[in-house]
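Tertiary structure, described
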Amino acid sequence: MRTAWTLLSLALLVAAVLVYPLADHPPERRIGPPDGGLTGEQVAERYCQSCHLLPVPGQLPRETWPFAIDWMGNYLGYPKLGGPFERLVAKRLIPDAPLVSTAEMTRLGRYFIEGALPAAALTPPRAPAPPLEGWTASELAGAGERGAVVTLLWVDEANGRLWVGSANDDMLRVFDRDRKLLVALEMGGDPIHIEPRPRGVRVALAGDFVRDARQGKVVDVALDERAGTVAHRVVLEGLHRTIETHTRDVDGDGEDDLVVVGFGDGVGSGYGKVSIYWSEREEQVLLDRAGGLGAAIVDIDGDGALDVLVLATQGSNELVAHLNRGHRTFERRVLLQRDVSFGFNEMHVLDFDGDGRLDVVTTNGNNMEMPDPPLRPYHGVRVFRGDGALGFEEALFHPLYGALTSVVRDLDGDGDLDIAATGFYPDWRAAEPETFQIVENRGRAAGAEGGAERYLLAPRSLRGEAWNRWMRVAAGDLDGDGRVELFLGAGNVPGGGLHPSRPRQWEHYRERLARAPAVLVLDRRP
């Protein structure tokens, strides 16, 4: 959930039309209760943290708040369901009558709008990172049509195979070490995640990439290259929009269990879930709401049992540990929690700094709900350093507008971990928006005036003919030459800041995206 309201004063209406035409989508008129005298901040404190942390004005630019307030005003009893709100609002959560007076709604709007900075001050233009050097870019032939939407990239280094899934044709394509297409499989749904199995791979199908149609599936695929045959076996179906699967022996009984992350859609219980399907396929729900983004099956508390970490959004942006207490019981522990606009997208759980303790690397940059999404200065890539006792402290922040997906590998061969990340909602004002960066880790140095150590980072941005709007990134030594290659998957989808209100950018970038390759390969030069 994000935020919304109705019945703006004339000043607020002037600000609102800069974002979207209010007059095209008039609200349903309701008479609120008598004025209770609450200030705008008091209204927010009382009503705006029932399903997420308390929002504050500085989270969004002033020009965006009218849209946000109209959105959340639905949940205060002032419905507004036309235009962009038609698919954003969970109608079942709209109260039968307003919870606050119209005067209090007006004060709520003024609190957020007058307390926020204008966009020009909140997100002034950034100097771009230097251009990427030391890498050679080439198109992966046979990876799909130009202007594709690539939803899956995975490098199987052990077998020298690259798997590419796309939503525009529901295909799963397999390439060999020489990047030659071996087979193209029709999956009947959008392939979005893959994991190795003893006799093939396990693939998660979202069903419909755009909305939850309860068509999610988990499918095992066995590819016999010598015989030229492919075997499919449906493991589960009829699932919420499925994001990930993880096959591990969670309960320690010697049999594989299956963790399924179903992002779903909307808000609240019954609209998505994260579940464990035990070896006999009995389901145990860990997260009973929409918004699950990913999971990690690790021993996070060091007691020898596998725990389930879940990253989630849709209201509450949080990282939750389900600590394994044996006999299929779990203790829920919130490890990280951020505000509603933070926009978690992805995580990796690994030892980033080499101290023997697990850390968490996240991308946050979701910006898909608004017709003309604002830039957010807190979007980017972060490393949360673990202390080994379930405590995590932010140790690294690299800003990247619309940060979506990432890989964490030693990309420059110097022995430490680097990060490569996509920026799916970039600054379209830039001469060439930054949609992919390699962030080299140059180690740590003492902070200013004896402060905490900080990471020394060297970001590089992909530009020129290789530029595209990238949705996926994968890393691995596919060809076995000892150097990691990078694979970028296109995301040619509408919206996300490419808006007809900016006709020059709209035409220019639509043309570039339409002719860009489905998958780009980056080879590190010796």
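Computed from a prediction, not measured in an experiment: that's the story for all the values here.

Thresholds, definitions, all that
- Residues numbered from 1 in each chain as written.
- Predicted model: local features only at pLDDT ≥ 70, side-chain atom pairs only at ≥ 80, totals over all residues.
- Heavy atoms only, no water.
- pLDDT = per-residue confidence, 0-100.
- Helix = DSSP H or I, 4+ residues; strand = E, 2+ residues; numbered from the N terminus.
- Contact = heavy atoms within 4.5 Å.
- Pairing = 2+ DSSP bridges.
- Axes fitted to C-alpha atoms, helices over the stretch in contact; angles between N-to-C directions.
- Salt bridge = Lys/Arg side-chain N within 4 Å of Asp/Glu carboxyl O.
- Buried < 20%, exposed > 50% of the residue type's maximum accessible area, 1.4 Å probe, protein only.
- Core = buried A, V, L, I, M, F, W, Y, C linked by side-chain atoms within 4.5 Å.
- Phe/Tyr/Trp six-rings, centres within 6.5 Å; stacked < 30°, edge-to-face > 60°.
- Lys NZ or Arg CZ within 6 Å of the ring centre and 35° of its normal.
- Polar contact = N/O pair within 3.5 Å; in protein donor to acceptor, adjacent residues only side chain to side chain.
- Left-handed = near helix turned anticlockwise from the far one by under 90°.
- Nonpolar A, V, L, I, M, F, W, Y, C, P; charged D, E, K, R; others polar.
- Parallel < 35°, antiparallel > 145°, perpendicular 65-115°, else oblique.

Moving on, we come to the confidence of the model for the protein chain. For the protein chain, per-residue confidence averages 88 on the pLDDT scale, and 89% of positions sit at 70 or higher. When pLDDT is averaged over each element of the protein chain, strand E19 (residues 359–364) comes out on top at 98 and helix H1 (residues 10–16) at the bottom at 28. Across residues 1–26, where pLDDT falls below 50, the model places 80 contacts with residues more than four positions away in sequence or in other chains.

The subject of this paragraph is the sheet that holds strand E27 (residues 485–490). An order of E1-E28-E27-E26 is seen for the 4 strands of this open sheet, with the pairing classed as antiparallel. Each edge of the sheet is formed by a strand with only one pairing partner; in this case those strands are strand E1 (135–139) and strand E26 (470–476). Each neighbouring strand pair of the sheet contributes to a mean axis angle of 20 degrees, computed without reference to strand direction. One ladder, built from 4 bridges, connects E27 with strand E28 (residues 519–524); its direction is antiparallel. Following the sheet pairing, Gly-489 is matched in E28 by Val-519.

Spatially, E18-E19-E20-E21 is the arrangement adopted by the 4 strands of the open sheet, whose pairing is antiparallel. Unpaired on one side and paired on the other, strand E18 (344–350) and strand E21 (392–399) mark the two borders of the sheet. Ignoring strand direction, the axes of neighbouring strands in this sheet form an average angle of 20 degrees. Strand direction decides the pairing type here: E19 and strand E20 (residues 380–386), joined by 5 bridges, are antiparallel. Within E20, the residue paired with Asn-364 across the bridge is Gly-380.

In this section: the pattern of salt bridges. Scanning the entire structure with this criterion turns up 28 salt bridges. Residue Asp-169 is joined to Arg-173 by a salt bridge in which the shortest nitrogen-to-oxygen separation is 2.8 Å. A relative accessible area of 11% means that Arg-173 is categorised as buried. Among the ionic pairs, Arg-202 bridges to Asp-220, the shortest N-O distance being 2.7 Å. With Arg-202 in strand E7 (residues 200–205) and Asp-220 in strand E8 (residues 216–224), the pair connects residues that are 18 residues apart, well separated along the chain. Just as Arg-202 is buried, Asp-220 falls in that class too. Each of the salt bridges in this network shares a partner with another, and the network as a whole consists of Asp-251, Asp-253, Glu-280, Glu-282 and Arg-328.

This part covers the nonpolar core. Ranked by size, the top nonpolar core spans 64 residues in total, and within it Trp-65, Val-259, Ile-300, Leu-309, Leu-319 and Met-347 carry the most contacts. In terms of residues, this core owes the most to one element, helix H3 (residues 65–73), which gives 6 residues. For Ile-300, the contacting residues outside a window of four places in its chain are Asp-307, Leu-309, Ala-321, Leu-323, Leu-358, Leu-390 and Phe-392.

Looking now at the packing of aromatic side chains. Applying the stated rule across the entire model yields 10 aromatic pairs. For the pair Phe-67 and Trp-71, a centre-to-centre distance of 6.1 Å together with 75 degrees between the ring planes defines the contact as edge-to-face. With Phe-67 and Trp-71 both in helix H3 and 4 residues apart, this pair spans about one turn of that helix. You'll find Phe-67 and Trp-71 in the same group, each marked buried. A connected cluster of aromatic rings, assembled from ring pairs, spans Trp-65, Tyr-111 and Phe-112. Looking at Arg-126, its charged tip hangs above the ring of Tyr-401, at a distance of 3.8 Å from the centre. In this structure, Arg-469 packs its charged tip against the face of Phe-424, placed 3.9 Å from the ring centre.

Attention shifts here to the side chain of Ser-101. Within the fold, Ser-101 resides in the loop between H3 and helix H4 (102–115). A distance of 3.4 Å separates the side chain of Ser-101 from the side chain of Asp-35, its partner in a polar contact. The residues touching Ser-101, leaving out its near neighbours within four places in the chain, are Pro-33, Pro-34, Asp-35, Gly-36 and Tyr-78.

Below, the discussion takes up the pairing of E27. For E27, the tally of buried residues reaches 6 of 6 residues, placing the bulk of the element in the interior. Judged by which residues are buried, E27 turns out to be covered on both faces: Glu-485, Phe-487 and Gly-489 on one side and Leu-486, Leu-488 and Ala-490 on the other are all buried. Direction of pairing for E26 relative to E27: antiparallel, over a ladder of 6 bridges. For Val-473, the partnering residue across the bridge sits in E27 and is Leu-488.

The next subject is the packing of H3 against H4. Here H3 crosses H4 at 145 degrees, and the two axes come no closer than 10 Å. Between H3 and H4 the crossing geometry is right-handed. Here H3 contributes Trp-65, Pro-66, Ile-69 and Gly-73 to the contact with H4, which in turn contributes Met-105, Gly-109, Phe-112 and Ile-113. The class makeup of the residues in the contact of H3 with H4 is 6 nonpolar, 2 polar and no charged.

Moving on to the packing of helix H2 (residues 40–47) against H4. Interhelical geometry of H2 versus H4 gives an angle of 100 degrees and a closest axis separation of 7 Å. If you check the angle between H2 and H4, you find them roughly perpendicular. Between H2 and H4, the contacting residues are Gly-40, Glu-41, Val-43 and Ala-44 on the first element and Glu-104, Arg-107, Leu-108, Tyr-111 and Phe-112 on the second.

Another point: the environment of Val-43. Tracing the chain through its elements places Val-43 in helix H2. The residues contacting Val-43, other than those within four sequence positions of it, are Leu-38, Cys-48, Val-100, Glu-104 and Leu-108.

Tracing the backbone through its elements, the reader meets Thr-405 in strand E22 (residues 403–409). Polar side-chain contacts of Thr-405 include one of 3.0 Å to the backbone oxygen of Met-471.

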